[in-house]
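# Close look at the chain arrangement
For reference, the chains in residue letters:
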Amino acid sequence: MRLLGMVVAVLCLVGSASGETEYDPLVVVNPVPAVVRTADEAALISDVNIVRIRHGIPTLRTDSRLTEVALSHAENMAARRFFGHTGPDGVDLPARLARAGLQWTVAAENIALDSDEAHANNALVNSSEHLANILDPRVRKIGVAALGVGHQATLYVEDFAL
């Protein structure tokens, strides 16, 4: 299992004087050393594919390189204490995919911080923007990371690509 350092203490939404930042500070109550939750990853992939089947859309196949990109992003959020698709250094999903040597024509990402996989999946499915990523018929591959960072606090990253 991979372990990271402790993450400090609640997700806060913050804007700056010049407008909103592209990320939010990540504060976790009752932090624990970060640990990959592989059972949650498998469950989330299964739940995504169940939603796609219900909508008549082909299921996604897991891609190990996308999974590594997702995990790297979750670890970066935990270590640098931010929550967002673009980090404090300006690195976003396209840049992360390029760094991993992945070629893609369509890519999307969902992130969540929740108490467990079922709640995270429910929150993503009940958000129109996140659901649109899940149901995008153009994507064929998925990589998922579930990184426990606190008591009942797990970062979830779903990366989709074609």
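Since the structure is predicted, the reported quantities are computational estimates derived from the model, not experimental observations.

### Points about the overall build of the protein chain
Assigned secondary structure in the protein chain consists of five helices and nine strands. Order of helices (α) and strands (β) in the protein chain, N terminus to C terminus: β-β-β-β-α-β-α-β-α-β-α-α-β-β. The burial tally for the protein chain puts 46% of its 162 residues in the buried class. Summing over all exposed atoms, the protein chain offers an accessible surface of approximately 8,100 Å²; the carbon and sulfur share of this is 55%.

### What about the side chain of Arg52?
Secondary-structure assignment places Arg52 in helix H1 (residues 38-54). Within the buried core, Arg52 has no salt-bridge partner, and the shortest N-O distance to an opposite charge, that of Asp136, equals 6.4 Å. For Arg52, the contacting residues outside a window of four places in its chain are Ile57, Pro58, Thr59, Leu60, Ile134, Leu135, Asp136, Pro137, Val139 and Arg140.

### What to know about the nonpolar core
Val48, Leu60, Ile134, Leu135, Ile142, Tyr156 and Phe160 are the most contacted members of the largest nonpolar core, which has 20 residues in total. Non-local contacts of Leu135, meaning those with residues more than four positions away in its chain, are made with Val51, Arg52, His55 and Ile57. Counting 18 residues, the second largest nonpolar core, distinct from the first, contains Ala34, Ala70, Phe82 and Leu147.

### Considerations on the pattern of salt bridges
Under the defined criterion, the tally for this structure stands at three salt bridges. A salt bridge links Arg96 to Glu109; the nearest nitrogen and oxygen atoms lie 2.5 Å apart. Here Arg96, found in helix H3 (residues 93-99), pairs with Glu109, found in strand S7 (residues 107-114); they are 13 residues apart in sequence, far enough to count as distant. Residue Asp136 is joined to Arg138 by a salt bridge in which the shortest nitrogen-to-oxygen separation is 2.7 Å. Judged by its relative accessible area of 12%, Asp136 is buried.

### A closer look at helix H2 (residues 64-80)
In a regular helix each residue adds 1.5 Å, so 17 residues correspond to 24 Å; H2 covers 24 Å between its end C-alpha atoms and thus fits that length. Buried within H2 we find Leu66, Thr67, Val69, Ala70, Leu71, His73, Ala74, Glu75, Met77 and Ala78. You can read the cap of H2 off the contacts: a side-chain oxygen lies 2.9 Å from the backbone nitrogen of Arg65, and it is on Asp63. In the segment just after H2, Arg81 is the residue with positive phi, at about 55 degrees.

Conventions we followed
Residues numbered from 1 in each chain as written. Predicted model: local features only at pLDDT ≥ 70, side-chain atom pairs only at ≥ 80, totals over all residues. Heavy atoms only, no water. Helix = DSSP H or I, 4+ residues; strand = E, 2+ residues; numbered from the N terminus. Buried < 20%, exposed > 50% of the residue type's maximum accessible area, 1.4 Å probe, protein only. Areas by Shrake-Rupley, 256 points an atom, 1.4 Å probe, with all protein chains shown as cover. Lys, Arg positive; Asp, Glu negative; His and termini not counted. Salt bridge = Lys/Arg side-chain N within 4 Å of Asp/Glu carboxyl O. Contact = heavy atoms within 4.5 Å. Core = buried A, V, L, I, M, F, W, Y, C linked by side-chain atoms within 4.5 Å. Expected span 1.5 Å × (residues − 1). Polar contact = N/O pair within 3.5 Å; in protein donor to acceptor, adjacent residues only side chain to side chain.

Function cannot be read off these values alone, since they describe shape.
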